[in-house]
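Reading the structure
Here's the letter readout for the chains.
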Amino acid sequence: MRIDIVTIFPEFFDVLDLSLLGKARQGGLIELGVHNLRDHTHDRHHSVDDTPYGGGAGMVMKPEPWGDALDAILGADPESTDDGPIVIFPSPAGDQFTQRMARELSLEQHLVFGCGRYEGIDQRVVDHYAQRGRVRLVSLGDYVLNGGEVAVMAMIEAIGRLIPGVVGNPESLVEESHEDGLLEYPSYTKPASWRGLDVPPVLRSGNHGAISTWRHQQQIERTERVRPDLLPPAIS
Ligand code: SAM
């Protein structure tokens, strides 16, 4: 998968050299381009923001640097395409990012992320690229961050680990929270007893059927307790 990111803080993404995603990049599973929006400004101060039309607090990101930066990645061809890269703008006003969305996006060949700052990006940038191809506004959750970088990092981590080969054992992905609509069961490792707390005996029984039943029961109980909204009507 090819991932391009446009940001005014390219250093933010240095951490993508580390851990599983760093290895995936070294192994050629993920190709990353991080682009500084300020390289697409033409004034002495490399300004990327201006005051909002209609007044109000805060600044808005100007459309011209965004147009130059995204054209440099996508090509300047105004023809619209339905199978080209998806341009994703993180926004608290977007669709909620979920495991399902991460899985869908992990099947794409090319993702382009545009990290907003200040009060956000001039709406015409979103509208223009939506006329030319696939654009999504995606929210990490119902809260406001200072910029899109943290949201993009979270999305790339969730999407990247679903690309075949990135996580060593693909089975570990299947049993995780949100994959089957339930939260994951609790996990334990050695020692069997720690600070007076014992590992549930069933997990040491060697009885795989009983372990599987216990784990499923734990998933349902935990989901009922923490996230009852996730349960289908038949279970809740
Ligand atoms: N004025 C905007 C609003 O009320 O919707 C918030 C702007 S926020 C301070 C600056 C940038 O942070 C946004 O353009 C977006 O890129 C990012 N951002 C903030 N909260 C986010 C969230 N919950 N999910 C995704 N991106 C977010």
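First, a word on what this report is: a plain description of the structure on this page. (Residues numbered from 1 in each chain as written. Predicted model: local features only at pLDDT ≥ 70, side-chain atom pairs only at ≥ 80, totals over all residues. Heavy atoms only, no water.)

This part is about the side chain of T7. Among the secondary structure elements, T7 is positioned in strand β1 (residues 2-7). For T7, a relative accessible area of 1% gives the class buried. Polar side-chain contacts of T7 include one of 2.8 Å to the backbone nitrogen of F9. In contact with T7, not counting residues within four places along its chain, are F13, V34, H35, N36, L37, C115 and E149. (Helix = DSSP H or I, 4+ residues; strand = E, 2+ residues; numbered from the N terminus. Buried < 20%, exposed > 50% of the residue type's maximum accessible area, 1.4 Å probe, protein only. Polar contact = N/O pair within 3.5 Å; in protein donor to acceptor, adjacent residues only side chain to side chain. Contact = heavy atoms within 4.5 Å.)

Surrounding the ligand, one finds 18 residues, the nearest of these being P90, E119, L140, Y143 and L145. The contact in question runs from an oxygen atom of the ligand to an N or O atom on the backbone of G116, over 3.3 Å. Its free accessible area being 580 Å², the ligand has 81% of it covered by the protein chains. Sorting the residues of the shell around the ligand by element identifies β5 (86-96), β7 (134-139) and α5 (148-160) as the ones contributing at least two each. (Near = heavy atom within 4 Å. Areas by Shrake-Rupley, 256 points an atom, 1.4 Å probe, with all protein chains shown as cover.)

Okay, the environment of V125 next. Its place among the elements puts V125 in helix α4 (residues 123-132). Its relative accessible area of 3% is what places V125 among the buried residues. Sequence separation between V125 and S205 is 80 residues; the distance between their C-alpha atoms is 59 Å. Excluding residues within four positions of it along the chain, V125 makes contact with P63, W66, L70 and F89.

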